Amino acid sequence: MSCLFCRIIAGEIPGSRVYEDAELVAFDDIHPQAPMHVLIVPRVHVPTLNEVDPSHDALVGSMIRRAAAIAAERGYAEGGYRTVFNCNAQAGQTVFHIHLHLLGGRTLAWPPG
Ligand code: AMP
Ligand code: ZN
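Cut-offs used in this document
Each chain carries its own residue numbering, running from 1 in the direction its sequence is written. Chain labels run from A onward and ligand labels from 1 onward, assigned in the order the entries are written. Local features in this predicted model are restricted to residues whose pLDDT is 70 or higher, and side-chain atom pairs enter the listing and the counts only when it is 80 or higher, whereas totals over whole chains, interfaces and linings include all residues. Note that water and hydrogens are dropped before the side-chain values are worked out from all heavy atoms of the structure. We define a salt bridge as a contact between a side-chain nitrogen of Lys or Arg and a carboxyl oxygen of Asp or Glu at a distance within 4 Å. Each residue gets one of three labels from its accessible area relative to the maximum for its type: buried under 20%, exposed over 50%, partly exposed in between, using a 1.4 Å probe on protein chains only. The numbering of helices and of strands both runs from the N terminus, where a helix is a DSSP run of H or I of at least 4 residues and a strand a run of E of at least 2. Distances define the donors: N, O and S atoms within 2.8 Å of the metal qualify, as do those within 3.2 Å of Na, K or Ca. Water is excluded, so some sites may look unfinished. Metal sites are grouped by the angles between bound donors: all angles between 85 and 135 degrees with four donors is tetrahedral, opposite donors over 155 degrees apart with the others between 65 and 115 is square planar for four donors and octahedral for six, and any other pattern is irregular. Residues are classed as near a molecule or strand on a simple rule: at least one heavy atom within 4 Å of it. Definition of a polar contact: a pair of N or O atoms within 3.5 Å, with one able to donate and the other able to accept a hydrogen when the atoms are protein atoms, and with sequence-neighbouring residues admitted only if both atoms are side-chain atoms. Residue exposure ignores everything except the shown protein chains as possible cover, and the areas themselves are Shrake-Rupley values with a 1.4 Å probe. Amino acids outside the nonpolar list (Ala, Val, Leu, Ile, Met, Phe, Trp, Tyr, Cys, Pro) and the charged list (Asp, Glu, Lys, Arg) are all regarded as polar, and Gly is one of them. Here, any two strands with at least 2 DSSP bridges between them count as paired.

Draft legend 1. Up close: the pattern of salt bridges. For the coordinates displayed, the defined rule picks out three salt bridges. Here glutamate 12 makes a salt bridge to arginine 7, at a shortest N to O gap of 3.2 Å. Judged by relative accessible area, glutamate 12 falls into the partly exposed class, the value being 45%. By relative accessible area, which is 31% here, arginine 7 ends up partly exposed. Ionic pairing is found between arginine 43 and glutamate 20, a salt bridge with its closest N-O pair at 3.0 Å. One end of the pair, arginine 43, is in the loop between β3 (36–42) and α2 (57–73); the other, glutamate 20, is in strand β1 (residues 17–20), and 23 residues separate them in sequence. If you follow the salt bridges from partner to partner, you end up with Arg17, Glu20 and Arg43 in one network.

Draft legend 2. Fine view of the coordination of the zinc ion (ligand 2). For the zinc ion (ligand 2), every protein donor is listed as Cys3 (SG), Cys6 (SG), His45 (ND1) and His97 (ND1), and the spread of their distances is 2.0 to 2.3 Å. Each of the four donor atoms bound to the zinc ion (ligand 2) contributes to angles spanning 106 to 118°, and the resulting shape is tetrahedral. We classify histidine 97 as buried; its relative accessible area is 0%.

Draft legend 3. How the structure looks around the site of ligand 1. Lining the immediate surroundings of ligand 1 are 16 residues, of which Asp29, Asn86, Gly92, Thr94 and His101 lie closest. Between ligand 1 and isoleucine 30 there is a distance of 3.2 Å, counted from a nitrogen atom to a backbone nitrogen or oxygen. Here an oxygen atom of ligand 1 sits 2.8 Å away from a polar atom, N or O, in the main chain of glycine 92. Taken by itself ligand 1 offers 500 Å² of open surface, and the protein chains cover 84% of this. Taken together, the elements giving at least two residues each to the shell around ligand 1 come down to α1 (4–10) and β2 (24–28). A per-element tally of the shell around ligand 1 places α1 first, with three residues. Its residues assigned to classes, the shell around ligand 1 comprises seven nonpolar, seven polar and two charged.

Draft legend 4. Here's a closer look at the pairing of β1. Here β1 pairs with β2 via three bridges, running antiparallel. Within β2, the position partnered with tyrosine 19 by the bridge is alanine 26.

Listed below in structure tokens is the structure:
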């Protein structure tokens, strides 16, 4: 299995898991860009947002709602937080297994770099 996130999900590579269920795993980003930087990752391997199809609609909804729940647990619901899907090279995607970044705990600039 060559995909880094598939290997983390399988438990072959240690990660700091913050949540898991039958369809999702969430773990801390190894290079956090904010005090909270969690990755919400589906167990199913989908390389990029371009391969998301209608069969994934409920899954993507669960990812977004899980991000909101983790942000709320950590006290960021009212102050604010950011969720990001990077897609392909020009957006800086480096791991080709879709993941939702959840960032919070500092003021985040807009537009992003
Ligand atoms: P992206 O650039 O959107 O593909 O995001 C990939 C993210 O995965 C980056 O923020 C990396 O810091 C993070 N990352 C890479 N390797 C690991 C790892 N072993 N454990 C946790 N996060 C990782
Ligand atoms: Zn994968």
